[in-house]
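Coordinate analysis (summary)
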Amino acid sequence: MPSASLMMMASPLLAGPAPVQAAIEIAAVAPIEAATSHGTPRPWETVASDILAIQWSLAPVQENEGPPGDGEAKGDEAEILVEGTVGPVDRDPMVAVNEASFRITQQVDAALVEPLADGYRSGLPGPLRDGLGNVVRNLREPANFLNFLLQGKVGKAAETLVRFSINSTLGFGGLIDLAEKPGINLPYRQNGFANTLGFYGVGGGPYLYVPVAGATNVRDLIGNTLDQSLLPFVVGEPFNTPEYGIPLFVVTNLDSRVALDEEIERLNDTVDPYAARRDVYLYRRARDIALLKGEEPPEPPAILREIELGLDAIEAEADAEFEAQLDGASDGEGVSNSEPTVQPSDAPPIASTQNEQPVPVAVLITQPKTR
């Protein structure tokens, strides 16, 4: 019997495939009963061909950091150096405070707001819930009308005034949105003092995430406060009483939470929900102001498509596009999908000759800066 130490040294699981010379020496000292009578040698009894070894190194290829100068020789073209910064710090100078507020709001939403919104959605009949939402929108119409006037959009201001008149009378205080029905066709257009400030060139200012209220900026926070103060200060009772303010606040937030439920889930599924919420909000506000001024809206962020469509829809589009490419290839527009583009016989050989030397390959990895 071979000794235990010899068996361990010959084990390919512990020491790797033995060199050819070592295998011959082991076979010379092995007892005769170790040989088998099988006609076909088993995998571990065959001598492996020389394999081209690739050496990987994660160490920097060059000692000198930074791109080469004009007079210096450039490195290997196979080397790729990626550098950059992440996060619009200039738009979010209070990022630490905002992220803390975001986490608190997420916890409050999970513990309180989301269960209440689910009860509001499942506990009330759909027509009644829609009616309460119509009442909330109808109460915003005076602010919409005033701001369309301030922006010089007289036509839209007149349409808003007609909407408010029809829904407040024939629509039972806005419970039924008759103005948007066929035959009248006056859609709801939300406006506000934040839009008016942006229309006349007032910048958004620093990004803010206010607890419970959510994403905003300095300009929008001021404008929304003016919107909510219009009826209580201009009209007075009953709009300046707690009996009006508290139910309006509750219904407004629950209605918004139900409407945004799917989007909130998609935001929470992203890699960085806070940054996704910020980028989507800032883009939409910049787009709203640009369209209000008749300008070209900015380029949407990449995360917006994922938020609006969802990963399932994006994957379905990618699968459909891939299938279309395969169908086009099978129809003669490209390479036929009935046969692989690379036949097994065309594959490059793995084994090397005796004279070939291993080729060292280095990977240069740089870590991008975070927010």
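Above this text is the structure in question.
One structure accompanies this document, and this report is about it. (Residues numbered from 1 in each chain as written. Predicted model: local features only at pLDDT ≥ 70, side-chain atom pairs only at ≥ 80, totals over all residues. Heavy atoms only, no water.)

**Focus: the overall build of the protein chain**
A tally of helices and strands in the protein chain yields 13 helices and four strands. Out of the 371 residues belonging to the protein chain, those deemed buried represent 24%. If you take every contact in the protein chain between residues at least 6 apart in sequence, the share linking residues at least 24 apart comes to 66%. Carbon together with sulfur atoms contributes 61% to the accessible area of the protein chain, which is approximately 25,300 Å² in total. (Helix = DSSP H or I, 4+ residues; strand = E, 2+ residues; numbered from the N terminus. Buried < 20%, exposed > 50% of the residue type's maximum accessible area, 1.4 Å probe, protein only. Contact = heavy atoms within 4.5 Å. Areas by Shrake-Rupley, 256 points an atom, 1.4 Å probe, with all protein chains shown as cover.)

**Remarks on the pattern of salt bridges**
Inspection of every chain in the model, using the stated rule, returns 22 salt bridges. Here Glu180 ties to Arg137 by a salt bridge, and the two come within 4.0 Å at their closest N and O atoms. Separated by 43 residues along the polypeptide, Glu180 in the loop between α6 (154-169) and α7 (193-199) and Arg137 in helix α5 (residues 126-150) bring together distant segments of the chain. Overall, the relative accessible area of 39% leaves Glu180 in the partly exposed class. With relative accessibility at 24%, the residue Arg137 sits in the partly exposed group. (Salt bridge = Lys/Arg side-chain N within 4 Å of Asp/Glu carboxyl O.)

**With respect to a nonpolar patch on the surface**
On the surface, a nonpolar cluster with roughly 730 Å² of combined accessible area is contributed by Ile104, Val108, Leu112, Leu116, Val212, Ile246, Phe249 and Val250. If you list the elements that add at least two residues to the nonpolar patch, you get α4 (95-123) and α9 (242-259). For the nonpolar patch, the element with the highest residue contribution is α4, accounting for four residues. Residue placement: Phe249 occurs in helix α9. (Patch = residues over 30% accessible without salt bridge, like charges linked within 9 Å, V, L, I, M, F, W, Y side chains within 5 Å.)

**A word on α5**
Over its 25 residues, α5 extends 36 Å from the first C-alpha to the last, a length consistent with the 36 Å expected when each residue adds 1.5 Å. The largest bend in α5 amounts to roughly 35 degrees and is located at Glu141, with the proline Pro142 lying one to four residues further along. Among all positions of α5, only Arg129, Gly131, Gly133, Asn134, Val136, Asn138, Glu141, Ala143, Asn144, Asn147 and Phe148 are buried. Just downstream of α5 lies Gly152, where phi reads positive at about 75 degrees. (Expected span 1.5 Å × (residues − 1). Bend = angle between axes of the 7 residues up to and from the residue.)

**A look at the pairing of strand β2 (residues 207-210)**
Two strands pair when backbone bridges link them, and β2 and strand β3 (residues 214-217) are joined in this way by four bridges, in the antiparallel orientation. Within the sheet, the bridge partner assigned to Tyr207 lies in β3 and is Asn217. Two successive antiparallel strands, β2 and β3, enclose a turn made up of three residues, where Val212 displays a positive phi of approximately 70 degrees. (Pairing = 2+ DSSP bridges.)

**Describing the packing of helix α10 (residues 261-268) against helix α12 (residues 302-309)**
Packing of α10 against α12 leaves a shortest axis separation of 8 Å and a crossing angle of 130 degrees. Classified by the angle their axes make, α10 and α12 are oblique. Between α10 and α12 lies a crossing whose hand is right-handed. Along its contact with α10, which presents Glu263, Arg266 and Leu267, the element α12 presents Glu306, Ile307, Glu308 and Leu309. (Axes fitted to C-alpha atoms, helices over the stretch in contact; angles between N-to-C directions. Parallel < 35°, antiparallel > 145°, perpendicular 65-115°, else oblique. Left-handed = near helix turned anticlockwise from the far one by under 90°.)

**Re the environment of Ser256**
Relative to the assigned elements, Ser256 resides in helix α9. A relative accessible area of 33% places Ser256 in the partly exposed class. Along the backbone, Ser256 and Gly133 are 123 residues apart, and their C-alpha atoms lie at a distance of 9.0 Å.

**Focus on a negative patch on the surface**
On the surface, a cluster of negative charge is made up of Glu315, Asp319, Glu323 and Asp327. Within the element layout of this structure, Asp327 appears in helix α13 (residues 311-333). (Lys, Arg positive; Asp, Glu negative; His and termini not counted. Charge placed at Lys NZ, Arg CZ, Asp CG, Glu CD.)

**Quick notes on the packing of aromatic side chains**
One pass over the full model with this rule turns up six aromatic pairs. Look at Phe102 and Tyr209: their rings are 5.2 Å apart centre to centre, the planes differ by 80 degrees, and that puts the pair in the edge-to-face class. With Phe102 in helix α4 and Tyr209 in strand β2, this pair connects stretches of sequence that are 107 residues apart. No difference in accessibility class separates Phe102 from Tyr209, as the two residues are buried. When the centroid spacing of 5.0 Å and the interplanar angle of 90 degrees are considered together, the rings of Phe199 and Tyr200 count as edge-to-face. When its relative accessible area of 55% is taken as the criterion, Tyr200 is described as exposed. Ring pairs connect the aromatic residues Phe102, Tyr207, Tyr209, Tyr274 and Tyr281, which therefore count as one cluster. One Lys or Arg, Arg137, reaches over the ring of Tyr188 and ends 4.8 Å from the middle of that ring. (Phe/Tyr/Trp six-rings, centres within 6.5 Å; stacked < 30°, edge-to-face > 60°. Lys NZ or Arg CZ within 6 Å of the ring centre and 35° of its normal.)

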